[in-house]
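Remarks on the overall topology
Below are the chains, spelled out letter by letter.
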Amino acid sequence: MTSRIADVLIPLALDTAYSYAVPEGLAVEEGDVVQVPLANREVAGVVWGMRDGQGGNLKKVTGVIEAPNLSPRMRKFLDWIAWYTLAPKGSALAMGLKIPDPDRQEVARVGVKLAGPPPKRMTPARQKVMEVAQDGTVRLKSELAHAAGVSAGVVNGLIDEGVLETVTLLAEPVAEMPDPAFGHTALSDGQREAADTLVAAMSEEHAPVLLLEGVTGSGKTEVYFEAVAEAVRNGRQALILMPEIALTAQFLDRFAARFGVKPATWHSGVTGRKRERLYTAIASNEVKVVAGARSALFLPYADLGLIIVDEEHETAYKQDDGVHYHARDMAVVRGKIENAPVVLASATPSIESRVNVERGRYRHVKLPERFGGRSMPQIRAVDLRKEAVPKGRWLSPTLVAAVEDTVARGEQALLFLNRRGYAPLTLCRACAHRYECPNCSSWLVEHRFRRSLVCHHCGHVERTPHACVECGSVDSLVPCGPGVERIAEEAAELFPDKRCIVLSSDFPGGTERLRTELAAIAAGEFDIVIGTQLVAKGHNFPLMTLVGVLDADIGLTSGDPRAAERTFQMLQQVTGRAGRGEKPGRALVQTWQPDHPVIAALISGDAERFYEEETRVREMAGLPPFGRLASLIVSAAEREAAEAHARAMALVAEPPPGVTVLGPAEAPLALIRGRYRFRLLVKTEREVDLQAYLRSWMARCPKIRGNTRVSIDVDPQSFL
DNA sequence: AGCACGCCGACT
DNA sequence: GTCGGCGTGCTC
């Protein structure tokens, strides 16, 4: 006798769907969320396929859970992600599935209001409730109890007696309907033309990918809002992806100015019931526009008609734990599957996107000038070989003069140094002992404010010692080199009456306080901002007219093949902070190598030339313009590491045709949290099934001895 | 993710 | 002797 069998994918790190028998009379369809027994517990999973067969020895589907059905397109997308990222299918599903918490269902919105005469038996608690309810307004049950300072039981008692009556409240809408005709921002000719191109792309049979490039302040947001408006007019959904930090009140206000309401937002801070409601409302096409961080890409949109990836070059789009993916690339794939146009917006597009434009895979839409006739900041180099900086100082006389000048006019200056802490290296004056991390052999960075030495690689923290741990000398520690804290000290000495603030990712007080301080800066409550990368993006500081880059050379010499590109983008972003308000801005870039291609391109403003040069350099080095970086991770005890390394190297030494493994052959192993890790650049022809190849690596080298294992991490930034 | 099984060090 | 640390493997 045959019966129906459901292949159910469970959102755990499992690579295959498990088969369950469907009991007679239970309606189960592909994409349904079902409850199934697994080992000794019940879990939720999604029906990935249905078939007929002999299901006698299988466990049975327990029931169907009331949750949005995952569409075939969504399942295809998740399958693709699992294949592409080498992640178990179940892990991919875990990103796109939210199971409603049955306990939360009870929190129904029940309102109560005064309905009858006072109760026969009056008590002090009841009296308080009556006083609050006297005005006759409808309140949530819990609110009324709280306002009266009594327990919910008292309110329930009054309801039973008929003194209060319950009113069913309509669920609070998760998001309001954006109105595409609400506000019309005046667009420049250039903006209008770009907007028309995007809108026209939305009615093409095969949805294209468009790279929207425009310098900082050219009004990209207003341009892609027109595409969003078109999606809403067509009754389809639009997703605006952005790096988490860019989801600011500023952005939401701009959206509201165009559409009359704020968009629904999705990020790690949206939790609980709100998260559930939003999830189902997106699945039922009630919510039209979602602005969200990368995880918003995995929501079950009913009818997705447009994806915007704002700041597409941002590395924050990479997810580096669990399933490794790059949200920008996955957005392109989802757009293909949903047949929705994808707009990649950036002032400094990534090399991959540029190459995709060159090869005709993406379309290029350019916005030439700053909006409102504002000019780009004037950028000048300060050649540190020619201009001496006083010993123990890091600001050149030219920069000091410029800062003085700027703050004297009541404008703001930004001093940019991409180094957290006080000093990147600390050593002992007496014995030259260098403070290193016990876990991962990198320098410990002194954080004077926290009185500790911190490893920026693995997070190890220890208290700054009084006496040298090696030779015992007291007060012998010497800081070497500058960090932002040290620059703040220098700025305080140079400009004692000016208000300075240091911003870095270890800002005390967390994101909340950081947001307040960013707003305070925008409001002009500080004169000098000293900051790391953090200040390069997101926030707008209208009073900032000077940006000083203290050391443009940082990062140019790191071994990362993408170092030049990343440094160029970062410097372009940070110098672009100047002059975004009424007054024109300028930037001073301190450097030891003004002729370096990155610095030269920055000064001349010729990004095009830089990208051409960079692409050529990579080709000469045998690197594809955008290849795949695979990290080979060897988990091994220290004494077994050498053998593990040798075994892994032997494996990668014989790649199949079409695959080239580019060094490092004798890479020094870096020990990070008990794992030796090294990176390999894998160059492949497009046709090669890299996934199959990498999987064969893992299959052929499952373990070396005991708990020594080899696994592969694929760098999410890669070709499509 | 949970949960069981199993192999080694510290002790009521 | 056992308690319990977590490393390893399995879940239709």
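Everything numeric in this text was worked out from a predicted model, so none of it was measured.

Let us look at the packing of aromatic side chains. What the rule picks out here adds up to 13 aromatic pairs. Here the aromatic rings of Trp83 and Tyr84 are separated by 6.2 Å at their centres, their planes lie at 50°, and the arrangement is tilted. The class of Tyr84 is buried, set by a relative accessible area of 6%. By way of ring pairs, the aromatic residues Tyr224, Phe225, Phe251, Phe255 and Phe259 are connected into one cluster. Residue placement shows Arg258 over the ring face of Phe259; its charged tip is 5.0 Å from the ring centre.

Close contacts around DNA strand B come from Leu12, Asn40 and Arg41, and that covers them all. A breakdown of the atoms of DNA strand B within 4 Å of the protein gives sugar and phosphate a share of 58%. The contact in question runs from a base nitrogen of DNA strand B to an N or O atom on the side chain of Arg41, over 3.4 Å.

As a further point, take helix α16 (residues 597–604). Those residues of α16 that sit buried are Val598, Ile599, Ala601 and Leu602. Down the axis, α16 shows its buried residues gathered within 165° of arc, on one side only. Directly beyond the C-terminal end of α16, a positive phi value near 75° is found at Gly605.

The sites that UniProt annotates as "domain: Helicase ATP-binding" (unreviewed entry) are residues 201–367. Measuring from the first to the last C-alpha atom of residues 201–367 gives 17 Å, for a span that is 35% helix and 23% strand.

Before going further, it helps to spend a moment on a negative patch on the surface. Together, Glu358, Asp606, Glu612 and Glu619 make up a region of like negative charge exposed at the surface. Take Glu619: it is sitting in helix α17 (residues 607–620).

This part takes up the sheet that holds strand β22 (residues 452–454). Strand order in the open sheet made by the three strands is β21-β22-β23, with antiparallel pairing throughout. Two strands bound the open sheet, and with one partner strand each, they are β21 (445–447) and β23 (461–463). Pairs of neighbouring strands in the sheet enclose a mean axial angle of 30°, with direction left out of account. Bridge count between β22 and β23: three bridges; the pairing is antiparallel.

The periodicity of an α-helix, 3.6 residues per turn, causes residues three or four positions apart to be oriented the same way. Look at α17: 20 Å from first C-alpha to last across 14 residues, which is about the 20 Å you get at 1.5 Å a residue. When α17 is considered as a whole, its buried residues turn out to be Ala607, Phe610, Tyr611, Glu614, Thr615 and Arg618. Along the axis of α17, the buried positions cluster into a sector of 130°, meaning they face one direction only. Residues of α17 that are exposed and point over 90 degrees away from its buried face: Glu612, Glu619 and Met620. On its buried face, α17 sits against α11 (351–358), α15 (563–575) and α16.

Take Arg126: it is sitting in helix α3 (residues 124–133). Beyond its immediate stretch of four places on either side in the chain, Arg126 contacts Pro119, Arg121, Val154, Gly157, Leu158 and Glu161.

On to the environment of Val478, then. As for its position among the elements, Val478 is in strand β24 (residues 477–480). Taking the C-alpha atoms as reference points, Val478 and Leu241, separated by 237 residues in sequence, lie 45 Å from one another. Discounting residues that sit within four places of it in the chain, Val478 has contacts with Leu425, Thr426, Leu427, Cys428 and Arg429.

Moving on, we get to the pattern of salt bridges. Once their charged atoms are close, side chains differing in charge can pair, the charge on each being opposite to the other. Summed over the entire model, instances satisfying the criterion amount to 30 salt bridges. Asp52 is paired through a salt bridge with Arg4; the nearest N and O atoms lie 3.0 Å apart. Of this pair, Asp52 sits in strand β4 (residues 41–53) while Arg4 sits in strand β1 (residues 3–9), and the two are 48 residues apart along the sequence. A salt bridge links Asp253 to Lys262; its shortest N-O distance comes to 3.8 Å.

Calculation notes
- Counting restarts for each chain, with residues numbered from 1 along the sequence as it is written.
- Going through the entries in the order they are written, you letter the chains from A and number the ligands from 1.
- Predicted model: local features are reported for residues with pLDDT of at least 70 only, side-chain atom pairs are reported and counted for 80 or more only, and whole-chain, interface and lining totals are derived from all residues.
- Only hydrogens and water are removed before side-chain values are computed, so all heavy atoms of the structure are retained for them.
- We call Phe, Tyr and Trp rings a pair once their centres come within 6.5 Å, taking the six-membered ring for Trp, and we label the pair stacked below 30 degrees between planes, edge-to-face above 60, and tilted otherwise.
- Residue burial is assigned from relative accessible area. The probe radius is 1.4 Å, only protein chains are included, and a residue is buried under 20% of its type maximum, exposed over 50%, and partly exposed in between.
- Put simply, a charge is over a ring when the Lys NZ or the Arg CZ is close to the ring centre, within 6 Å, and near the line of the ring normal, within 35 degrees.
- Residues are classed as near a molecule or strand on a simple rule: at least one heavy atom within 4 Å of it.
- Counting of polar contacts relies on pairs of N or O atoms within 3.5 Å, with two restrictions inside protein: one atom must be capable of donating a hydrogen and the other of accepting it, and residues adjacent in sequence are counted only when both atoms are side-chain atoms.
- Numbering of helices and strands starts at the N terminus; helices are DSSP runs of H or I of at least 4 residues and strands are runs of E of at least 2.
- To obtain the arc, one takes the directions from the helix axis to the C-beta atoms.
- UniProt positions are given in the numbering used here, feature names are shortened, and annotations may be inferred rather than shown by experiment.
- Only residues whose relative accessible area exceeds 30% and that form no salt bridge are eligible for patches; like-charged ones are grouped when within 9 Å, while nonpolar side chains (Val, Leu, Ile, Met, Phe, Trp, Tyr) are grouped when within 5 Å.
- The Shrake-Rupley method, run with a 1.4 Å probe sphere, supplies the accessible areas, and residue values consider only the shown protein chains as cover.
- Any Lys or Arg side-chain nitrogen located within 4 Å of an Asp or Glu carboxyl oxygen qualifies as a salt bridge.
- We score Asp and Glu as negative and Lys and Arg as positive, and we do not count His or the chain ends.
- Think of each charge as sitting on NZ of Lys, CZ of Arg, CG of Asp or CD of Glu.
- At least two bridges found by DSSP between two strands is the condition for calling them paired.
- Each axis is a line fitted through C-alpha atoms, taken for helices only over the stretch in contact, and angles between the N-to-C directions span 0 to 180 degrees.
- Multiplying 1.5 Å by the residue count of a helix minus one yields the expected span of that helix.
- Any two residues whose heavy atoms approach within 4.5 Å at even a single point are treated as in contact.

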